[in-house]
Amino acid sequence: MSVVTRFAPSPTGYLHIGGARTALFNWLFARHHGGKFLLRIEDTDRARSTPAAIQAILDGMRWLGLDWDEPETYQSARAERHAEVAYKLLEQGRAYRCYASKEELEEMRQKARAEGRPIRYDGRWRDRDPAEAPADVTPVVRIKMPLEGETVIEDRVQGQVTVNNEQLDDMVLLRADGSPTYMLSVVVDDHDMGVTHVIRGDDHLTNAFRQYQLYRAMDWEPPVFAHIPLIHGPDGAKMSKRHGAVGLEAYREQGYLPEALRNYLLRLGWGHGDVEIISTEEAVRLFDLDGVGRSAARFDFDKLANFNGHYIREAEDSRLTEDVTQRLESRLGRSVTAEERGRLLRGMDGLKQRAKTLVELAENAEFYVARPQALTPKAAKQLDDDARGRLARLQVRLDGLDDWSETAIEEAVRRFAEDEDLKLGKVAQPLRAALTGSTVSPGIFEVMAVLGRTETLARLAAQAAPAEA
RNA sequence: GUCCCCAUCGUCUAGAGGCCUAGGACUCCGCUCUUUCAAGGCGGCAACACGGGUUCGAAUCCCGUUGGGGACGCCA
C-alpha cells in the first residue's frame, strides 16, 4: 500500500509553528516512503476563514519548502459530497434527525456541568418518533454512536489508546442549514483522498475516537493515526502571540533560514540517536514515526538561533547577498549600487561567520554599503588622540602601498605596528573603529581589501588626526 | 467536573531490564586560538517527579500519587 499523508490547516489564523511542524512531519513521512503528500484547506468555517489566511498558509508552505503533490483541496467545495454521506447514514438508520434547540442543548450542558456529570448530548432524539418533532425547529443530523463497549485506536505515536464508548456522544454531522461539520468533513475527505496516515497534533486525539466510529459506520477502513505532541512556548504554555513570532512569515522576517527551521522543527519531538544537524535529504532518509516522542516540547529560540547560524555559514554567499541587499535597501531607504553589492558579495564569507540571523547579518554588513555615521561608544573610545595620530601615520604608509591585496595590506600594517613598537591590536582596533564604526567586524585586513583602496583611505582620512606638522 | 495523553539536565533529546558512576545538543561558566567578534578545540555546572511493587538486577515493566497538557460546540 502506498503512503498518502495530508496537512489540513484551517485558514482562520496564520500558519503557525506547530502547524508547520505537523506539515513537515507529514511531508517527511510521505517522502520517506515514496508516497504522496496532500494539502487540504479546511475552510468550512465560512465566517472565520479569510483569503489572506489561505495565502499565508500557501506562502508559508512554499517558503518552508514543503511541496504538495496535487492541487490543494478546498474543503468548502466538497460540502455536497459530505452531505451525501450523511444522508446515506440516515437511510441506513446509522444516523438520525435531532430536533433539540440550541437553547435546550445549552441548558443540558449547564445542568451537566452543575451536577458534575460529563458534558455530552444525551441522545434524546435517538429513538424518538420523528412525528413528535416540533414544527419550528429545523433538525440537525446526528450519528448513532455505539452505546457500549470501547473504542481502541492503535496510534503510531501514542500507542494503544482506549476510550469507553459511553464517553462518545452522538455528534452532529449536518447542521440545521445542511452544511457538514468538521467531524464529517475530515473523515469523508480523508477517505476520498485516499489518506493512509493521519499525522496531526495531539489535540485531535480525542477526536480520533469519534472519527474512527464514523469510518466504521460508513464501512470504511480507518487510516493509521499518529498524534504528535504539541509545541509549547518557552514558558510551557501553548504557543501564542506572547511568545513572539506567530505566523511563519514572522520567522522569515526575523531572518531565519527555511532549512534551519526545518532542522529545528524536526528535532522538536523527533530524535535519531545523537544527531542534531540533519540536512533535509538526510531527514527524508531517516524520518519515521518510531522516532517521534510522546511528550510536549518547548520552543527554544536559542537553539533555533544556533541552528540558524550553522545554516547561514553553510549558505551560498550569493544567496545571502541577495537577501541582505534587500534588507539593507529597506533599512537605508535607497537602492544598493552595483559596487556596494560587489563589496557585500566579497565580504560575505567573513560576514556570515558571525551572524545568527539574516537580520543580524544585514546589520553587520551595513558598513560595507554606508559609511559609519555614528561610532559605537566602544569604537569612539578606541579613537583617542593617540590613536588618531597613529592612523594618520598609517594612512601615509598605506597611501604608498602598490598592492592592495589582503596579504599585502596585512604585511604593511604588521610592519607599521612593529616600527611603532606596538602590538597589532593597538593598530587594528582603531583601524576597525575608523573603518566600520564598531569594535566588532570581520578580519580587518579582509575589510580593507573588500572596501577597496579609495574607500578605505577616505574613511581613514575622516578619522585620522590632521597631518602632522 | 468528566474523559484522554504525557513525565530523563533550565531547554531539545539518547536510552526499548544489566553496556548508565545516565550519553549528545542548546544555554551558561572557564581555558584555548586570536587584530575584535564569532566559529572551532578543550573542560565544567546540571536530570531519571515521588511512593509502592515485579525481578538476582529498573531510567527502562506494573500500580498509585503529584505535576503538566489536551478534549469535552450546529469551531476546525
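Residues numbered from 1 in each chain as written. Chains lettered and ligands numbered in written order. Predicted model: local features only at pLDDT ≥ 70, side-chain atom pairs only at ≥ 80, totals over all residues. Heavy atoms only, no water.

- Looking up chain A in an unreviewed UniProt entry gives the name Glutamate--tRNA ligase, with the organism given as Ferruginivarius sediminum.
- Turning to chain A, the UniProt record has this under Subcellular location (unreviewed entry): "Cytoplasm".
- The Sequence similarities (unreviewed entry) field of the UniProt record for chain A holds the comment "Belongs to the class-I aminoacyl-tRNA synthetase family. Glutamate--tRNA ligase type 1 subfamily." (UniProt positions renumbered as here; feature names shortened; annotations may be inferred.)

## Digging into the overall build of chain A
Phase 1: A count of helical and extended segments in chain A gives 19 helices and 12 strands.
Phase 2: Over its C-alpha atoms chain A spans a radius of gyration of 32 Å, topping by over 25% the 23 Å that the globule rule assigns to 469 residues.
Phase 3: A principal-axis box enclosing the C-alpha atoms of chain A has dimensions of 110 × 45 × 40 Å.
Phase 4: Burial statistics for chain A: of 469 residues in total, 51% are counted as buried.
Phase 5: Relative to all contacts within chain A whose residues are 6 or more apart in sequence, the contacts with residues 24 or more apart total 75%.
Phase 6: A total of about 22,600 Å² of accessible surface is found on chain A, and carbon and sulfur atoms cover 47% of it.
Phase 7: Charged side chains in chain A number 64 positive and 76 negative. The centres of these two groups are separated by 2 Å. (Helix = DSSP H or I, 4+ residues; strand = E, 2+ residues; numbered from the N terminus. Rg over C-alpha atoms; globule rule 2.2 N^0.38 Å. Buried < 20%, exposed > 50% of the residue type's maximum accessible area, 1.4 Å probe, protein only. Contact = heavy atoms within 4.5 Å. Areas by Shrake-Rupley, 256 points an atom, 1.4 Å probe, with all protein chains shown as cover. Lys, Arg positive; Asp, Glu negative; His and termini not counted. Charge placed at Lys NZ, Arg CZ, Asp CG, Glu CD.)

## What to know about the domain arrangement of chain A
Phase 1: Domain annotation for chain A reports domain 1 (78–228), domain 2 (248–369) and domain 3 (377–464).
Phase 2: Here the C-alpha centroids of domain 1 and domain 3 sit 75 Å apart. (Domains from an automatic or database assignment.)

## A look at the sheet that holds strand β2 (residues 36–41)
Two modes of strand pairing occur in sheets, parallel and antiparallel, and in both the strands are linked by backbone hydrogen bonds.
Phase 1: With parallel pairing, three strands are arranged side by side in an open sheet as β1-β2-β3. A strand with exactly one partner marks an edge of an open sheet, and here the two such strands are β1 (4–7) and β3 (73–74).
Phase 2: Pairing analysis gives two bridges linking β2 to β3, with the strands arranged parallel. Along β3, the bridge assignment pairs Arg40 with Thr73. (Pairing = 2+ DSSP bridges.)

## Quick notes on the environment of Phe287
Phase 1: Relative to the assigned elements, Phe287 resides in the loop between α9 (280–286) and β12 (297–298).
Phase 2: According to the relative accessible area criterion, Phe287 is buried, its value standing at 0%.
Phase 3: Residues Phe287 and His33, spaced 254 residues apart in sequence, show a C-alpha to C-alpha distance of 9.4 Å.
Phase 4: Not counting residues up to four positions away in its chain, the partners in contact with Phe287 are Phe25, Leu28, Phe29, His32, Leu266, Trp270 and Val292.

## With respect to the UniProt feature "domain: Aminoacyl-tRNA synthetase class I anticodon-binding" (unreviewed entry) in chain A
Phase 1: Mapped onto this structure's residue numbering, the UniProt feature "domain: Aminoacyl-tRNA synthetase class I anticodon-binding" (unreviewed entry) falls at residues 324–462.
Phase 2: For the annotated span residues 324–462, helix accounts for 73% and strand for 0% of the residues, and the straight-line distance between the end C-alpha atoms is 27 Å.

## Quick notes on the UniProt feature "short sequence motif: 'HIGH' region" (unreviewed entry) in chain A
Phase 1: Residues annotated by UniProt as "short sequence motif: 'HIGH' region" (unreviewed entry) correspond here to residues 9–19.
Phase 2: Annotation note: span residues 9–19, helix share 27%, strand share 0%, distance between end C-alpha atoms 7 Å.

## With respect to the packing of helix α1 (residues 17–32) against helix α8 (residues 258–267)
Phase 1: Packing of α1 against α8 leaves a shortest axis separation of 10 Å and a crossing angle of 85°. Classified by the angle between their axes, α1 and α8 sit roughly perpendicular to one another. Note on element contacts: α8 touches α1 through Leu261, Arg262, Leu265 and Leu266, opposite Ile17, Ala20, Arg21, Leu24, Phe25 and Leu28.
Phase 2: Looking at the contact of α1 with α8 residue by residue, the class counts come to eight nonpolar, no polar and two charged. (Axes fitted to C-alpha atoms, helices over the stretch in contact; angles between N-to-C directions. Parallel < 35°, antiparallel > 145°, perpendicular 65-115°, else oblique. Nonpolar A, V, L, I, M, F, W, Y, C, P; charged D, E, K, R; others polar.)

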